[in-house]
Amino acid sequence: MPAPLQPQARTARLETLRREYMAQIITHAARHRRAVRVVPYVLAPTGPERRADLELIEQYAAQMRWKMTRTTFADLGQPPPLEERPGFAAACRYAAQGYAHGILAIARPALTTDNDTYARVLQHLHTRGLFLTYLPTAGTAP
């Protein structure tokens, strides 16, 4: 029986998988001459912090030449488990209804740092033809 992946190796593998899913969906959209559309999702309190996060997301989407949906989704401050966040669940449903190709967040920790949860989210979105992405950090690809 193979040994389980170490946490860092699993995290890297999940990021590779996320990028592969994203590339497939973006390629499909391009093949059909459709602009890529993303749903912005933030984990921040209402007010200046949330507006700042949404502005960063908007700037990144413009840089990538993606369209952003007019509807944005958010959950407040300290993150409950991802499964208990109404804003993220609503963003997933909204995108799955055909309004977007993916969900764009500030960073992975705004979603989850748990690899098992992250793997389930990636798979859940991918089976619906959606990708998950977030802003790149210094030295990383989106």
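1. A closer look at the pairing of strand S5 (residues 131-134)
Consecutive residues of a regular strand have side chains that alternate between opposite faces of the sheet.
And then number 1: Because side chains alternate across S5, one face comprises the buried residues Phe131 and Thr133, and the other comprises Leu132 and Tyr134, equally buried.
And then number 2: Sheet analysis places strand S4 (residues 102-105) next to S5, joined by 4 bridges and oriented parallel. Note that in S5 the partner of Ile103 across the bridge is Leu132.
And then number 3: For the segment spanning S4, helix H4 (residues 115-127) and S5, crossover handedness is right-handed.

2. Quick notes on the pattern of salt bridges
When their charged atoms lie close together, side chains carrying opposite charge are able to pair.
And then number 1: This structure, assessed with the given rule, holds 3 salt bridges.
And then number 2: The closest approach of N and O atoms between Glu15 and Arg18, which form a salt bridge, is 2.9 Å. Pair noted here: Glu15 and Arg18 are both in helix H1 (residues 7-31), with a separation of 3 residues, about one helical turn.
And then number 3: A salt bridge links Glu83 to Arg120; the nearest nitrogen and oxygen atoms lie 3.4 Å apart. On the criterion of sequence distance, the pair formed by Glu83 in the loop between strand S3 (73-75) and helix H3 (86-99) and Arg120 in helix H4 is long-range, its members being 37 residues apart.

How each quantity is defined
- Residues numbered from 1 in each chain as written.
- Predicted model: local features only at pLDDT ≥ 70, side-chain atom pairs only at ≥ 80, totals over all residues.
- Heavy atoms only, no water.
- Buried < 20%, exposed > 50% of the residue type's maximum accessible area, 1.4 Å probe, protein only.
- Helix = DSSP H or I, 4+ residues; strand = E, 2+ residues; numbered from the N terminus.
- Pairing = 2+ DSSP bridges.
- Right-handed = clockwise from strand over helix to strand, strands pointing away.
- Salt bridge = Lys/Arg side-chain N within 4 Å of Asp/Glu carboxyl O.

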